[in-house]
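# Structure assessment
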Amino acid sequence: MPMAPLTRVRTGIPGLDNIMDGGLIENTITLVSGPAGSGKSLFAMQYLYNGAKGFNEPGIFITLEEGSESVKATMNAHGMDVEQLISTGKLFLIDLGEPEADGRGSTKVNGFRSITDLLQNLIKLSKAKRIVIDSVSAVGAFYVSREEFRRSLINFVRFLKSNKITAVLITESTHDSTTRFEVEEYVADSFILLGLKEVEGKLSRSLVVRKMRHTWHDTSMHPFTITTRGIEIIK
Ligand SMILES: Nc1ncnc2c1ncn2[C@@H]1O[C@H](COP(=O)(O)OP(=O)(O)OP(=O)(O)O)[C@@H](O)[C@H]1O
Ligand SMILES: [Mg+2]
């Protein structure tokens, strides 16, 4: 029996969908990693913005590190009218990093379980197709072992897929490893690594699709820029 063609979810980031044979694959999980300042959050914001604006697909952005005001400021600085999307129910911006009012420094989240509980209702309410978690490495801080983090991340990924979500999960690369906990890229279907390297006294940005299950993808390192228009792949 011939396989049904894969449905693509376009990121709308200039130059990116072409190198992934048309975009992300619907109902899969993409991990985006890179060092500090490499453009991970901006990537995720453009993914949700373009989905909401260009394809009428509501999105949910869960932030654990940057506060929502900072996320809004970044989006506005790159030409994304975030308030309009929020007020029309196209974008749900949830800050789970905010400390609770108990004065003990605890937060609204203590692992993937609390995010699942929140999303269970929110997905129904919002009819979201695209979800971003910025970042899963921040959620990892709540686990005592790498094995426990991996198990919970696998369950979380299954939960997202059972809800027909196409997700972008963010983690960090370190000096020695492409991901913070060295398990994230195995659990995800696709893996995009952003680079930031000094070349001739200047920081130069690059993007490579390291992994993408079920499909062809380009494997070259692609230089990209960040401007007031956001991320654009150069070639
Ligand atoms: N208008 C602009 N023009 C050029 N570069 C910009 C502009 N605005 C932001 N940047 C670059 O984008 C970077 C921030 O990108 P972003 O916040 O997405 O990175 P990140 O990978 O999420 O970082 P972190 O690990 O700290 O969360 C800034 O450090 C800056 O280099
Ligand atoms: Mg970030």
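Just above sits the structure.
Anyway, here's the lowdown on the structure attached to this text.

## Brief notes about the overall build of the protein
Regarding its fold elements, the protein presents seven helices and 11 strands. Computed over its C-alpha atoms, the radius of gyration of the protein comes to 17 Å, within 12% of the 18 Å expected for a compact globule of 235 residues. Overall size of the protein, expressed as C-alpha extent along the three principal axes, is 50 × 50 × 40 Å. Looking at the protein as a whole, 42% of its 235 residues are labelled buried. At a minimum sequence separation of 6, the contacts of the protein that also span at least 24 residues come to 67%.

## Concerning the pairing of strand 9 (residues 202–212)
Where strand 8 (residues 190–199) and strand 9 come together, 10 bridges link them in antiparallel fashion. Across the sheet, the residue bridging to Lys197 is Ser204, located in strand 9. Linkage of strand 8 to strand 9, two consecutive antiparallel strands, is achieved through a turn of two residues, within which Glu200 is found at a positive phi near 50°. Note that strand 9 and strand 10 (residues 222–227) share two bridges and pair antiparallel. Note on strand 10: the bridge partner recorded for Leu207 is His222.

## Observations regarding the packing of helix 1 (residues 40–54) against helix 2 (residues 68–77)
One way to put it is that helix 1 packs onto helix 2 with a least axis distance of 10 Å and a crossing angle of 75°. As judged from the angle between their axes, helix 1 and helix 2 are roughly perpendicular. Of helix 2, the residues touching helix 1 (which contributes Ser41, Leu42, Met45 and Tyr49) are Val71, Thr74 and Met75. Grouping the amino acids of the contact of helix 1 with helix 2 by side-chain chemistry returns five nonpolar, two polar and no charged.

## Considerations on the pairing of strand 6 (residues 130–134)
Within a regular beta strand, the side chains point alternately toward one face of the sheet and then the other, so they alternate between its two faces. In terms of burial, strand 6 is largely enclosed, as five of its five residues are buried. The two faces of strand 6 match: Arg130, Val132 and Asp134 on one face and Ile131 and Ile133 on the other face are all buried. Taken together, the five bridges between strand 4 (residues 59–63) and strand 6 define a ladder with parallel strand orientation. By the bridge assignment for strand 6, Phe61 is matched with Val132.

## Description of the site of ligand 1
Around ligand 1, the neighbouring residues are Gly34, Ala36, Gly37, Ser38, Gly39, Lys40, Ser41, Leu42, Ala77, Ile226, Thr227 and Thr228. Where the shell around ligand 1 is concerned, the elements lending two or more residues are helix 1 and strand 10. At three residues, the largest contribution of residues to the shell around ligand 1 is made by helix 1. For the shell around ligand 1, the per-class residue count stands at four nonpolar, seven polar and one charged.

## Quick notes on the nonpolar core
Residues Ala44, Leu48, Phe61, Val132 and Leu169 are the most contacted members of the largest nonpolar core, which totals 63 residues. Here this core takes eight residues from helix 1, the largest share from any one element. Leu48 has contacts with Gly59, Phe61, Leu91, Arg130 and Val132, leaving out every residue within four places of it along the chain.

## Observations concerning helix 4 (residues 112–126)
Each α-helix winds once per 3.6 residues, and so residues spaced three or four apart point in a common direction. With 15 residues, helix 4 extends 20 Å from end C-alpha to end C-alpha; this agrees with the ideal 21 Å at 1.5 Å per step. Within helix 4, the axis deviates most sharply at Leu119, by approximately 30°. Buried positions along helix 4 lie against strand 4, helix 5 (136–140) and helix 6 (146–162). One or two residues past the end of helix 4 sits Lys127, with phi positive at roughly 60°.

## Here we look at unusual backbone geometry
Residue Ser135 follows Asp134 across a cis peptide bond; omega there is 10°. Counting through the fold element by element, Ser135 comes out in the loop between strand 6 and helix 5. The phi angle at Asn27 is positive, at roughly 70°, despite the residue not being glycine. According to the C-beta neighbour criterion, Asn27 is partly exposed, with 18 such atoms within 10 Å. Even without being glycine, Lys127 reaches a positive phi, approximately 60°. Relative to the assigned elements, Lys127 resides in the loop between helix 4 and strand 6. Residue class for Lys127 comes out exposed when judged on the 9 C-beta atoms lying within 10 Å of it.

Quick notes on the rules
- Residues numbered from 1 in each chain as written.
- Chains lettered and ligands numbered in written order.
- Predicted model: local features only at pLDDT ≥ 70, side-chain atom pairs only at ≥ 80, totals over all residues.
- Helix = DSSP H or I, 4+ residues; strand = E, 2+ residues; numbered from the N terminus.
- Rg over C-alpha atoms; globule rule 2.2 N^0.38 Å.
- Buried ≥ 20, exposed ≤ 12 C-beta atoms within 10 Å, placed from the backbone.
- Contact = placed C-beta atoms within 7 Å.
- Pairing = 2+ DSSP bridges.
- Axes fitted to C-alpha atoms, helices over the stretch in contact; angles between N-to-C directions.
- Parallel < 35°, antiparallel > 145°, perpendicular 65-115°, else oblique.
- Nonpolar A, V, L, I, M, F, W, Y, C, P; charged D, E, K, R; others polar.
- Near = placed C-beta within 6 Å.
- Core = buried A, V, L, I, M, F, W, Y, C linked by C-beta atoms within 7 Å.
- Expected span 1.5 Å × (residues − 1).
- Bend = angle between axes of the 7 residues up to and from the residue.

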